[in-house]
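Below are the chains, spelled out letter by letter.
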Amino acid sequence: MSTESGTFLDQFPAEAKVVRTAFYSSFVALFVGALMGILQVLHRTDVLRIVDSADYYSLLTLHAVLLVLSFSVFFLVGIFTWAVTTSLDRGLQDLRYTWAWYGLMALGTLLAGIAVLGAFIPGLDMSAAVLYTFYAPLQAHPFYYLGLALFIVGTWLAGLDWFRSWWAWKKDNPDERIPLPTFMALTTTLFWILSSAGVAVSVLAFLLPWSLGIIDQVNALLTRTLFWYFGHAVVYFWLMPAYLLWYTMLPKISGGKLFSDPLARVVFVLFLILSTPTGIHHQYLDPGIAEGFKFIAMVNTMFLLLPSLLTAFTVVASMEHGARQRGGSGLFGWLRALPWRDPVFTGMALAGLMFAAAGFSGMINAGMNINYLVHNTWWVVGHFHLTVGTAVALTFMAATYWFLPQLTGKAIWSKSLGLVQVLVWFVGMTFMSNSMHRQGLIGVPRRTAEPQYSGFDYEVAVGSMAELNMQVIIGGTLLFISTLLFLTVVVMTVIGDKVDGLPDNGYADTLSGPEDAPLVLDNLKLWAGIAALLVILAYSLPLAAIITRGGILGPGGSPSPQFVDTLLFVGRVAADTVGGVIA
Amino acid sequence: MRVSRAGLLVAIVIMVPIIVELRTVVVHLGFDVSLAETALFGAMMIGALVLWAMAPDIRGREPNGE
Ligand code: HEM
Ligand SMILES: [Cu+2]
């Protein structure tokens, strides 16, 4: 906890500026992304088609890239920077370095955005309608791959920034436990670097050279597999900062304390070791990967339910503690004593509720056999608008109502409007996501500009296709309105005047503190080693098989057995080394 | 009031997914409910919730100030 009181801006003005800039960048991305979202809704349902259906995929690429990369990640680097600075109670080591990683991320977004939007400029031979998964043989302008690479490198440098803060702090405080928010930022950074290394290899070694014309072709399954090697861990990269807020802010705002610091540490350690060796669960339907590997990925995925259930328990217990501190009583009566008028609380609580619903559809996605039913349908889109599109996005929006005063020294322009905003999001997402799930079950495909086929009618189980579409239109419109309300509150707050008497910067105390947590939990080297080991176990054989069969650069290329042997050898040495370190 | 106004608003909002999902469940149980009937039923459920919330708390407890 901070020794000096006051807002974050009072304590760390220079860091506050970094966090503020990151947040504003994320809000710009949110605006453009949401605009694309409503356009997609209207296009697919054939209400309004302002672009040619062939260009729909450029809009969709922009929507996904801006929302799941720029909006989420700019916001979360802000949160982690705040969390590390606040909990270590020290500024960053070198702000020029900090601005450099921010600059890289901004430049990366810009390049990728230009590549996508280039498709709309007549005469310009530029496009990137490859969707955010950029599966080969879809090919984008080199700017797109370069932009993504710069963006990811920027996030690595950001992670290193938080590590540098911690290393410096550890020198001054050799015997202290890592403060919980810093612990969360560091464990997240570790699995993020481990997993995004895969997509970096895919982009830098294969897709970028291919798009530049340096190599003729790539092994499509290899680049896909490298994408999904990162593609599941990235969802936890978005989710961990939301968890950080649920663990460290929600209890405080409910009027209580975090139920258990040790449990929170266990959860983050589990995510560190399990996030990456699960990615193949996105490839259940890919030919060319043996069933056995898919089965291993499924088992790992099911294990990942554990930390999420632990989180549900700890967070609800902390909220109940807070409510009882505020005079709540009864089996369920305590719910009434929670601060529902506060959009920070209500937004996060509703986001958590939707995340629980997403957990159920997620289990269906994760099961190898039932996945076949929903794969590549709109069900999946319904699912992740509950996870990243709400559990994360709504938590971030709600948190903004707490952070903005901390970062600007200004009071939120209208908290009531903020409350309305989070409620409208919840209702909008209920309509949109429910209908997407139901459409998916009857086979409506995702990523399709015109999912209407002549001479074919979907067999709707309940209601009619028109009703389902109407539900998506209403939901999407409410979501867009909610986004506009959010941005209105942000802009009006930012252009307002500074005020005194804002709450102090800080985060929740704990009922059971770090002194109850076994020391081994703080041994980041150990957990990083185990994470790397699990990755090697889960991925070395599938990757070797893919390369042996398809060739490192795809069919007709050299099968490159020498390379595979080297890979396996290096893998075995690495595994032995890690094993040796642990033993 | 048994709950605060904000609390009531949140409760109403949480009813929305329940009503939407209820229709699917009921139809699968073999009762064909139309959109209009669902809307009517939903309005009744929310009405009941509002009535419950507006009624004076018999145990005489004040909801928390928020
Ligand atoms: C204004 C609110 C939003 C609306 C109206 C909206 C609407 C849509 C629609 C209709 C699609 C499906 C397009 C298709 O399958 O053809 C879609 C896809 C997607 N949305 Fe959203 N969305 C919104 C917010 C968000 C948010 C907040 C996120 C994440 C933070 C998000 C992430 C995505 C992703 C990753 C895809 C998948 C793109 C792909 O398949 O390549 N959306 N969105
Ligand atoms: Cu996944």
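Remember, it's a predicted structure, so these values are computed and weren't measured experimentally. (Residues numbered from 1 in each chain as written. Chains lettered and ligands numbered in written order. Predicted model: local features only at pLDDT ≥ 70, side-chain atom pairs only at ≥ 80, totals over all residues. Heavy atoms only, no water.)

Quick look at the overall build of chain A
The condition that has to hold: Only DSSP runs of H or I covering at least 4 residues are called helices, and only runs of E covering at least 2 are called strands; the numbering of each starts at the N terminus. Here the globule rule is a power law, 2.2 Å times the number of residues to the power 0.38, and the radius of gyration is based on C-alpha atoms. Burial classification: accessible surface area is computed with a 1.4 Å probe over protein chains only, and a residue below 20% of its type maximum counts as buried, one above 50% as exposed, and the rest as partly exposed. Two residues qualify as a contact provided that any one of their heavy atoms is within 4.5 Å of a heavy atom in the partner residue. What sets the accessible areas is the Shrake-Rupley method with a 1.4 Å probe; for residues, cover comes only from the shown protein chains. Positive charges come from Lys and Arg alone, negative charges from Asp and Glu alone, with His and the N- and C-terminal ends not counted. In this description, the location of a charge corresponds to atom NZ of lysine, CZ of arginine, CG of aspartate or CD of glutamate.
From N to C terminus, chain A includes 19 helices and two strands. Relative to a compact globule of 583 residues, whose C-alpha radius of gyration would be 25 Å, chain A shows 24 Å and is just as compact. By its C-alpha atoms, chain A is 65 × 60 × 50 Å across when sized along the principal axes. Within chain A, buried positions represent 60% of all 583 residues. The contacts in chain A between residues at least 6 apart in sequence include a share of 82% that link residues at least 24 apart. Of the roughly 22,100 Å² of accessible surface on chain A, 68% is carried by carbon and sulfur atoms. On chain A, the mean spot of the 28 positive side-chain charges and the mean spot of the 32 negative ones are 3 Å from each other.

Side note on the nonpolar core
Applicable threshold: Note on terminology: a nonpolar core comprises buried Ala, Val, Leu, Ile, Met, Phe, Trp, Tyr and Cys residues joined through side-chain atoms within 4.5 Å.
Counting 183 residues, the largest nonpolar core has A:Phe134, A:Tyr144 and A:Tyr243 as its most contacted members. Per-element accounting of this core gives the leading share, 19 residues, to helix α3 (residues 56-88) of chain A. Residues in contact with A:Phe134, not counting those within four places in the same chain, are A:Tyr144, A:Tyr145, A:Leu148, A:Val199, A:Val203, A:Leu207 and A:Phe227. Counting residues in hydrophobic clusters, the runner-up holds six residues, among them B:Leu8, B:Met15, B:Ile19 and B:Leu49.

Notes on the UniProt feature "domain: Cytochrome oxidase subunit I profile" (unreviewed entry) in chain A
Going by this rule: UniProt positions are given in the numbering used here, feature names are shortened, and annotations may be inferred rather than shown by experiment.
Those residues carrying the UniProt feature "domain: Cytochrome oxidase subunit I profile" (unreviewed entry) are residues 27-494 of chain A in this numbering. For residues 27-494 of chain A, the end-to-end C-alpha separation is 13 Å, with 72% helix and 1% strand making up the annotated structure.

Topic: the coordination of the copper ion (ligand 2)
Residues and elements named next belong to chain A. Note the cut-off: With water excluded from the atoms, a metal site may look incomplete; its donors are any N, O or S atoms within 2.8 Å, or within 3.2 Å for Na, K and Ca.
Distances from the copper ion (ligand 2) to its protein donors, His 232 (ND1), His 281 (NE2) and His 282 (NE2), fall within 1.7 to 2.1 Å. Read in sequence order, the donor residues for the copper ion (ligand 2) give the motif H-x48-H-H. With His 232 in the loop between α7 (220-231) and α8 (233-248) and His 282 in the loop between α10 (261-274) and α11 (291-303), this residue pair connects regions lying 50 residues apart in the sequence. According to the relative accessible area criterion, His 232 is buried, its value standing at 9%.

Considering the UniProt feature "transmembrane region" (unreviewed entry) in chain B
With numbering matched to this structure, UniProt assigns "transmembrane region" (unreviewed entry) to residues 7-26 and 38-55 of chain B. Within the segment residues 38-55 of chain B, helix and strand shares are 94% and 0% respectively, and the terminal C-alpha atoms sit 26 Å apart.

A short note on the confidence of the model for chain A
Defined as follows: As a per-residue measure, pLDDT tells how confident the predictor is, with possible values from 0 to 100.
Mean pLDDT for chain A: 93, with 97% of residues reaching 70 or above. Per-residue pLDDT, averaged within each element of chain A, yields its smallest value for helix α19 (residues 561-582) of chain A (72) and its largest for helix α2 (residues 13-44) of chain A (98).

Quick look at the interface of chain B and chain A
Convention followed: By definition, a salt bridge exists where a carboxyl oxygen of Asp or Glu is found within 4 Å of a side-chain nitrogen of Lys or Arg. Whenever a nitrogen or oxygen atom comes within 3.5 Å of another N or O atom, the pair is scored as a polar contact, on the condition that within protein one atom can donate a hydrogen and the other can accept it, and that pairs from neighbouring residues in sequence are kept only if both atoms are in side chains. In this classification, the charged set is Asp, Glu, Lys and Arg, the nonpolar set is Ala, Val, Leu, Ile, Met, Phe, Trp, Tyr, Cys and Pro, and all remaining amino acids, among them Gly, are polar.
Listed by partner, the interface residues are 23 residues for chain B and 23 residues for chain A. Run the count over chain B and chain A and you get one salt bridge. For A:Glu467, the salt bridge identified is with B:Arg23, shortest N-O distance 3.0 Å. Taken together, the links from chain B to chain A amount to three residue pairs in polar contact (both at pLDDT 80 or more). No other element matches helix α1 (residues 5-28) of chain B, which puts 14 residues into the side of chain B that touches chain A. Split by residue class, the side of chain B that touches chain A holds eleven nonpolar, five polar and seven charged.

Looking at a nonpolar patch on the surface
Residue and element names in this part refer to chain A. Put simply, the test is: A patch is a set of surface residues, each over 30% in relative accessible area and not in a salt bridge, joined within 9 Å for like charges and within 5 Å for the nonpolar side chains Val, Leu, Ile, Met, Phe, Trp and Tyr.
There is a patch of nonpolar side chains on the surface, built from Leu 110, Ile 114, Phe 143 and Leu 146 and spanning about 340 Å² of accessible area. For the nonpolar patch, the elements supplying multiple residues, two or more each, are α4 (95-117) and α5 (142-172). Tracing the backbone through its elements, the reader meets Ile 114 in helix α4.

Brief notes about the packing of aromatic side chains
Residues and elements named next belong to chain A. Note the cut-off: For Phe, Tyr and Trp, where Trp contributes only its six-membered ring, two rings pair if their centres lie within 6.5 Å, and the inter-plane angle classes them as stacked under 30 degrees, edge-to-face over 60, or tilted in between.
Counted under the stated rule, the structure contains 40 aromatic pairs over all chains. Considering the side-chain rings of Phe 23 and Phe 403, the 5.6 Å spacing of their centres and the 85° angle between planes classify their relative orientation as edge-to-face. Residue Phe 23 is located in helix α2, and its partner Phe 403 is located in helix α15 (residues 378-408); the two are separated by 380 residues in the primary sequence. On the basis of relative accessible area, Phe 23 is assigned to the buried category, the value being 0%. Residue class for Phe 403 comes out buried when judged on its relative accessible area of 1%. Measuring from ring centre to ring centre gives 5.4 Å for Phe 80 and Trp 162, while their planes differ by 70°; the resulting arrangement is edge-to-face. With a gap of 82 residues between them, Phe 80 in helix α3 and Trp 162 in helix α5 connect regions that are remote in the sequence.

Observations regarding α2(A)
Since the α-helix turns once every 3.6 residues, residues separated by three or four places project in the same direction. All names here are of chain A. Stated formally: Every helix has an expected span of 1.5 Å times one less than the residues it contains.
Here α2 contains 32 residues, and its C-alpha end-to-end distance of 46 Å stays within 8% of the 46 Å for a straight helix at 1.5 Å per residue. Counting buried residues in α2 gives 23 out of 32 residues, a clear majority hidden from the surface. With its phi angle positive at about 60°, Asp 46 sits one or two positions after the end of α2.

Brief notes about the side chain of A:Thr311
Residues and elements named next belong to chain A. Note on placement: Thr 311 falls in helix α12 (residues 305-325). One polar contact links the side chain of Thr 311 to the main-chain carbonyl oxygen of Pro 307, over a distance of 2.8 Å. Setting aside anything within four residues of it in sequence, one finds Thr 311 in contact with Tyr 243, Trp 246, Tyr 247 and Val 267.

A short note on the site of ligand 1
All names here are of chain A. So the rule is basically this: Note on terminology: near, applied to a residue and a molecule or strand, indicates that one of the residue's heavy atoms is within 4 Å of it.
Neighbouring ligand 1 are 29 residues, the closest being Arg 44, Tyr 56, His 63, His 385 and Arg 447. One of the side-chain N or O atoms of Arg 44 is found 2.8 Å from an oxygen atom in ligand 1. The separation between a nitrogen atom of ligand 1 and a polar side-chain atom of His 385 is 2.8 Å. Elements supplying a minimum of two residues to the shell around ligand 1: α2, α3, α15, α16 (415-441) and α17 (465-494). The element best represented in the shell around ligand 1 is α15, accounting for seven residues. Here the residues of the shell around ligand 1 sort into 18 nonpolar, eight polar and three charged.

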